[in-house]
Amino acid sequence: MTDHAQSAANRQDSHAGRLSDSLTQVELTWYEKRIENWIRFGDYVEEKILDRRRRTLGFRSGTVFAFVRWSANDFGTVSSRIDIVRAVAARESYQTLPFVRPGGEIMLHIDGWPKVERVLQAIDAVEAMGVEPADIAPDHWRHVHSRLTVGHEPRPYTRAQHDAWLLRRRAQP
């Protein structure tokens, strides 16, 4: 390898290292019918396969994603959770979350399969409108969290709400 090619390779490796350091990393595990962690929505920019059952995904700051965690034993489901999280930038405050490094802004955190299923239905309803769930108003995910936490039905996300969110986002500096 020539000196020029070698230095180009080193620059590329150091750039990849800096990219990984600036990303929010989510570790996914999949042991069929035992531990199943997956991303329901969200655009990742990096994927590292650790072994045949584990991988990590990297999200840029500002990216919103849904992280689902489910586990079971011989007698049935032990836990099921869903979190809708916004990846944070370096030096930005964040909340910690298992399998998410360093953490993120948690907009929704729901435990228990019946409530997790309601969140998944809310995500499906947003997608049925033709809107990417990661692009909707973050306030809607906070609303869904609050309503489900107290046992109430969340209001559906509407096209009018989405249009207002797009206008508000455009007007922000």
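Since this is a predicted model, take the numbers as computed values, not measurements.

(A) Here's a closer look at the environment of Val78. Structurally, the position occupied by Val78 is in strand β6 (residues 76-87). The exposed category is assigned to Val78, whose relative accessible area is 52%. Between the C-alpha atoms of Val78 and Ile35, which are 43 residues apart in sequence, the distance is 9.8 Å. With residues up to four places along the chain from it excluded, the contact list for Val78 reads Ser71, Ala72 and Asn73.

(B) Inspection of the pairing of β6 at higher detail. Pairing of strand β5 (residues 64-73) with β6, which is carried by 10 bridges, proceeds in the antiparallel orientation. Residue pairing across strands places Phe65 opposite Val85, the latter belonging to β6. Hairpin geometry of β5 and β6 is characterised by an intervening segment of two residues between the two adjacent antiparallel strands. As paired elements, β6 and strand β8 (residues 100-111) share seven bridges and run antiparallel to each other. What sits directly across from Asp83, in β8, is His109.

Conventions adopted
Residues numbered from 1 in each chain as written. Predicted model: local features only at pLDDT ≥ 70, side-chain atom pairs only at ≥ 80, totals over all residues. Heavy atoms only, no water. Helix = DSSP H or I, 4+ residues; strand = E, 2+ residues; numbered from the N terminus. Buried < 20%, exposed > 50% of the residue type's maximum accessible area, 1.4 Å probe, protein only. Contact = heavy atoms within 4.5 Å. Pairing = 2+ DSSP bridges.

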